[in-house]
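Below are the chains, spelled out letter by letter.
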Amino acid sequence: MSRSRDRRRKSRAKAKISRTSRAGLKFPVGRIHRFLRKGNYGKRFSANAPVFLVMFLAGYEARSWKSRRITPRHLQLALHVDVELDELVKNVIIPQGGAVCFSPIKEVYPCFIQILPPADL
């Protein structure tokens, strides 16, 4: 009896579901998380860190377009405006994201600009 129960338990292994599909998103959550860990940006990251990072940037993009809803277009622009994220997701296609105009000058979000005092010479 106990052997048959053990066999049934082993056969009911759950299929792996990616974090991208679990969150219902269109960008590679696992890839961004892996690059955050390997890029020496910090010692520890939560599993939600890549989602919050991209949604934060997409929220700024939506706000600049005077929209209250984040669309795939805002995700596309947020990923490709940031230089480091653009390097991480350069081969990613976001459905309904539209075309990305590649300009040599990347936009800098005002929240990331640090005002430094002038250097004394």
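Residues numbered from 1 in each chain as written. Predicted model: local features only at pLDDT ≥ 70, side-chain atom pairs only at ≥ 80, totals over all residues. Heavy atoms only, no water.

Some details on the overall build of the protein
Inference 1: Assigned secondary structure in the protein consists of 6 helices and 0 strands.
Inference 2: Ordered by position from N to C terminus, the α and β elements of the protein give α-α-α-α-α-α.
Inference 3: Split into buried and exposed, the 121 residues of the protein put 26% on the buried side.
Inference 4: Long-range pairs, those at least 24 residues apart, make up 41% of the contacts in the protein with a sequence separation of at least 6. (Helix = DSSP H or I, 4+ residues; strand = E, 2+ residues; numbered from the N terminus. Buried < 20%, exposed > 50% of the residue type's maximum accessible area, 1.4 Å probe, protein only. Contact = heavy atoms within 4.5 Å.)

Let's talk about the side chain of Glu61
Inference 1: Looking at the element boundaries, Glu61 is found in helix α4 (residues 49-64).
Inference 2: No salt bridge forms around the buried Glu61; measuring N to O, its nearest opposite-charge neighbour Arg73 is 7.5 Å away.
Inference 3: There is a polar contact of 3.1 Å between the side chain of Glu61 and the side chain of Trp65. (Lys, Arg positive; Asp, Glu negative; His and termini not counted. Salt bridge = Lys/Arg side-chain N within 4 Å of Asp/Glu carboxyl O. Polar contact = N/O pair within 3.5 Å; in protein donor to acceptor, adjacent residues only side chain to side chain.)

Some details on the nonpolar core
Side chains of a nonpolar character, in soluble globular proteins, are inclined to be buried together.
Inference 1: Grouped together as the largest cluster of nonpolar side chains are 17 residues, with contacts concentrated most on Phe27, Ile32, Val54, Leu75 and Leu79.
Inference 2: Counting only elements with at least two residues in this core, the list comes to α3 (29-38), α4 and α5 (72-81). (Core = buried A, V, L, I, M, F, W, Y, C linked by side-chain atoms within 4.5 Å.)

Some details on a positive patch on the surface
Inference 1: Taken together, the side chains of Arg31, Arg34, Arg37 and Lys38 define a basic patch exposed on the protein surface.
Inference 2: Considering the arrangement of structural elements, one finds Arg31 in helix α3. (Patch = residues over 30% accessible without salt bridge, like charges linked within 9 Å, V, L, I, M, F, W, Y side chains within 5 Å. Areas by Shrake-Rupley, 256 points an atom, 1.4 Å probe, with all protein chains shown as cover. Charge placed at Lys NZ, Arg CZ, Asp CG, Glu CD.)

Considerations on the packing of α3 against α4
Inference 1: Running from amino to carboxyl end, α3 crosses α4 at an angle of 100 degrees, the nearest separation of the two axes being 8 Å. Between α3 and α4, the angle falls in the class roughly perpendicular. Facing α3, whose interface residues are Val29, Ile32, His33 and Leu36, α4 presents Ala49, Pro50, Val51, Leu53 and Val54.
Inference 2: Classifying every residue of the contact of α3 with α4 gives 8 nonpolar, 1 polar and no charged. (Axes fitted to C-alpha atoms, helices over the stretch in contact; angles between N-to-C directions. Parallel < 35°, antiparallel > 145°, perpendicular 65-115°, else oblique. Nonpolar A, V, L, I, M, F, W, Y, C, P; charged D, E, K, R; others polar.)

Side note on the packing of α4 against α5
Inference 1: α5 packs onto α4 with a crossing angle of 110 degrees between their chain directions and a minimal axis gap of 8 Å. When the axis of α4 is compared with that of α5, the two are roughly perpendicular. Of the residues in α5, those touching α4 at Val54, Met55, Leu57, Ala58, Glu61 and Ala62 are His74, Leu75, Leu77, Ala78, Leu79 and Val81.
Inference 2: Taken together, the residues that form the contact of α4 with α5 break down as 10 nonpolar, 1 polar and 1 charged.

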